[in-house]
Amino acid sequence: MARVELIDISKRYGQTIAVDRVNLDIAEGEFVTLLGPSGCGKTTTLRIIAGLIEPSEGEIRFDGQVVNHVPPHKRNIGFVFQSHALFPHLTVAENIAFGLKIKRRPKSEVQRRVEEMLELVNLRGFGSRMPSQLSGGQQQRVALARVLATDPQVLLFDEPLSALDRNLRDQLKYSILELQRRTKKTAIYVTHDQSEAFAISDRICVMNHGRVEQVGTQLDIYLRPRTEFVANFVGDNNVLAGSVVRVWERDGQRLVGVRAGALELHAVDTQGLQPGESVLAFVRPENIEVLGDGIVPEDEPILDGLVEQVVFEGPTVRFLVDVGGSPVRVTASGPQRLTLLGSAGRRVRLRCHAVVAVRHHEAGART
Ligand code: ADP
Ligand code: MG
């Protein structure tokens with residue numbers, strides 16, 4: 001087990017900045033996921049932690065000790081890749097024993113450990129099979145067992161499930177989480193799949209262009225995005241450009257009134273916004289409530305719109321509503337959705353919940 005710290009880590013390849021001043025402090029036993037689009041620097045960051053890539057700048061610390069010059073095999077890490085690369089000519093048991101044999105552990109210990117690991121990944125009795133006699137999910141569990149066998153202090157995962165089909169991914173992500181919880185190891189997991197990141201992480205680190213955009217819990221990332229990128233990347237969001245017209249506080253939370261064209265919205269502010277600033281207001285389709293007739297919320301702006309499109313998707317109904325010339329997407333669920341099915345062409349009143357305002361940077365102005 002170990003605390004892992006990245007301090008101002010950068011990696012350059014010629015003109016390309018793969019990782020740009022990344023700071024991250026991962027607690028002992030914590031499960032942190034690096035989430036971001038392809039090419040944002042996740043793998044490079046992970047391989048720097050593993051010692052497979054040397055950073056251009058910055059420090060990596062394990063339990064407070066700088067490990068920049070410690071080679072990978074002395075960092076006591078376990079690395080699980082997308083392609084698990086089991087040795088095809090070795091049995092399951094021999095695959096799991098591989099790392100222990102390299103470490104020259106006594107035969108009886110190796111045998112005991114292999115049995116323990118097979119038990120741990122629910123593959124008891126599979127030791128004498130060849131990898132080709134296993135399903136994709138079972139093979140990936142053997143790969144996990146092989147990594148865990150040497151009792152690494154830090155587990156690193158680079159998109160370990162992305163080669164598997166959806167059902168298997170859904171099962172295995174929980175197996176990985178359960179194994180991590182049971183072994184209490186620090187885990188750093190890379191994925192571009194947000195549902196995976198949301199399902200298994202203690203904290204998520206959203207990356208973009210080599211930089212950390214935001215680090216936080218699922219709720220932080222989903223409900224309190226701190227940058228335009230995070231608000232756009234995670235989930236579905238309506239975005240309205242406007243400016244701050246007033247600022248106030250309620251229950252210790254800073255709120256801002258945002259005027260966007262003819263509309264006004266009340267939004268949460270996490271950036272210390274000031275009146276007059278240009279902002280983007282984000283509101284998720286599932287956080288917009290279609291108000292019944294006669295309901296008049298106090299001191300809250302209501303959006304008035306014309307329903308242009310209704311799409312029935314079974315458990316949810318999606319609406320496209322024209323609000324003063326801006327298209328707003330609304331998702332309704334629960335029994336109310338059924339009463340709204342015939343609302344195309346009708347006027348509706350919308351109440352927006354959990355609106356977030358984020359400073360609007362002009363293109364290229366960000367430093
Ligand atoms: P991710 O894992 O998030 O998809 P990577 O860490 O693999 O992203 O890559 C980040 C950026 O660095 C990309 O633009 C990629 O092209 C570049 N990059 C990665 N490795 C090298 C390399 N060995 N040489 C040059 N550029 C690289
Ligand atoms: Mg990658």
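Preceding this section is the structure that the text describes.
This report concerns the structure included in the present document. (Residues numbered from 1 in each chain as written. Chains lettered and ligands numbered in written order. Predicted model: local features only at pLDDT ≥ 70, side-chain atom pairs only at ≥ 80, totals over all residues. Heavy atoms only, no water.)

## Observations regarding the site of ligand 1
What counts here: Here a residue is near a molecule or strand as soon as one of its heavy atoms is found within 4 Å of it. Definition of a polar contact: a pair of N or O atoms within 3.5 Å, with one able to donate and the other able to accept a hydrogen when the atoms are protein atoms, and with sequence-neighbouring residues admitted only if both atoms are side-chain atoms. Surface exposure here means Shrake-Rupley accessible area, sampled with a 1.4 Å probe, where a residue is shielded only by the protein chains that are shown. Starting at the N terminus, helices and strands are each numbered in turn, a helix being any DSSP run of H or I of at least four residues and a strand any DSSP run of E of at least two. Each residue is assigned to one class: nonpolar for Ala, Val, Leu, Ile, Met, Phe, Trp, Tyr, Cys and Pro, charged for Asp, Glu, Lys and Arg, and polar for all the others, Gly among them.
If you check the shell around ligand 1, you find Y13, A18, P37, S38, G39, C40, G41, K42, T43 and T44 and nothing else. At 3.0 Å from an oxygen atom of ligand 1 is found a main-chain nitrogen or oxygen belonging to G41. Within the side chain of T44, one N or O atom sits 2.5 Å away from an oxygen atom of ligand 1. Its free accessible area being 560 Å², ligand 1 has 59% of it covered by the protein chains. The leading source of residues in the shell around ligand 1 is helix α1 (residues 42-50), at 3 residues. Here the residues of the shell around ligand 1 sort into 4 nonpolar, 5 polar and 1 charged.

## Structural notes on the sheet that holds strand β15 (residues 288-290)
Note: strands within a sheet are paired through backbone hydrogen bonds, in either parallel or antiparallel orientation. Rules: Criterion used throughout: strands pair if DSSP finds at least two bridges between them. Angles shown run from 0 to 180 degrees and are taken between the N-to-C directions of axes, each axis being a line fitted to C-alpha atoms and, for helices, limited to the stretch in contact.
As summarised here, the arrangement of the 5 strands in space is β15-β19-β16-β17-β18, forming an open sheet in which the pairing is antiparallel. Edge positions in the sheet fall to β15 and β18 (326-333), since each of these pairs with one other strand and no more. On average, each strand axis in the sheet is tilted by 45° relative to the strand beside it, whichever way the strands run. Sheet topology places strand β17 (residues 316-323) next to β18; 8 bridges connect them, and they run antiparallel. Note that in β18 the partner of V317 across the bridge is A332.

## Some remarks on the layout of surface pockets
Formally: Only protein atoms enter the 1 Å grid, on which a cavity is a set of points fitting a 1.4 Å probe that cannot get out and a pocket is an open set with protein on both sides within 12 Å along at least 5 of 7 lines, lining residues being those with an atom within 4 Å of a point. Grid points are joined across faces, edges and corners, and a volume is the space filled by probe spheres set on the points.
Of the volumes computed, that of the largest pocket is approximately 670 Å³. Lining the largest pocket are 24 residues, and of these I77, G78, F79, V147 and T150 lie nearest its centre. What lines the second largest pocket is a set of 17 residues, among which H266, V268, H353, A354 and V355 lie closest to the centre. Elements that contribute at least two residues to the lining of the second largest pocket include exactly β12 (253-260) and β13 (263-269).

## Some details on the sheet that holds strand β1 (residues 4-13)
Basically, it comes down to this: Working rule for contacts: check all heavy atoms of both residues, and any pair within 4.5 Å makes them a contact.
The 4 strands lie next to each other as β2-β1-β4-β5, forming an open sheet whose pairing is antiparallel. The open sheet has two edge strands with one neighbour each: β2 (16-26) and β5 (65-66). When strand β4 (residues 57-62) meets β5, the two strands line up antiparallel, connected through 2 bridges. Bridging across to β5, R61 finds its partner in V66. Relative to β1, α1 is tilted by about 120°, and along the sheet it contacts β1, β2 and β4.

## What to know about the packing of aromatic side chains
Rule in force here: Aromatic pairs are defined between Phe, Tyr and Trp rings, using the six-membered ring for Trp, whenever the two ring centres lie within 6.5 Å; interplanar angles under 30 degrees are classed as stacked, those over 60 as edge-to-face, and all others as tilted. Only protein chains enter the accessibility calculation, which uses a 1.4 Å probe. A residue is then buried if its area is under 20% of the maximum for its type, exposed if over 50%, and partly exposed in between.
Applying the stated criterion across every chain, the model contains 7 aromatic pairs. An angle of 40° between the planes, with centres 5.4 Å apart, marks the rings of F157 and Y189 as tilted. A residue pair is termed long-range when its members are at least 10 positions apart, and F157 in strand β7 (residues 154-158) and Y189 in strand β8 (residues 186-191) qualify at 32 residues. Y189 carries the same exposure label as F157, and that label is buried. One aromatic cluster in this structure is built from F31, F157 and Y189.

## Quick look at α1
For α1, the tally of buried residues reaches 7 of 9 residues, placing the bulk of the element in the interior. Residues of α1 that are buried include every one of K42, T44, T45, L46, I48, I49 and A50, and no others. Backbone geometry just after α1 places G51 at a positive phi near 90°.

## A look at the pattern of salt bridges
Rules: Throughout this description, the term salt bridge denotes a Lys or Arg side-chain nitrogen within 4 Å of a carboxyl oxygen of Asp or Glu.
Applying the stated criterion across every chain yields a total of 24 salt bridges. Among the ionic pairs, R21 bridges to D20, the shortest N-O distance being 3.1 Å. On the basis of relative accessible area, R21 is assigned to the exposed category, the value being 52%. For D20, a relative accessible area of 11% translates into the label buried. Where R318 meets E313, a salt bridge forms, and the shortest distance between an N and an O atom there is 3.1 Å.

## Here's the deal with the pairing of β1
Remember that side chains alternate between the two faces of the sheet whenever the strand is regular. By the bridge criterion, 5 bridges tie β1 to β4 in an arrangement that is antiparallel. Among the inter-strand pairings, E5 is bridged to a residue of β4, identified as R61. One ladder, built from 7 bridges, connects β1 with β2; its direction is antiparallel. Across the sheet, the residue bridging to Y13 is T16, located in β2. Following β1, the chain reverses through 2 residues before pairing antiparallel with β2; G14 in that reversal takes a positive phi of roughly 60°.

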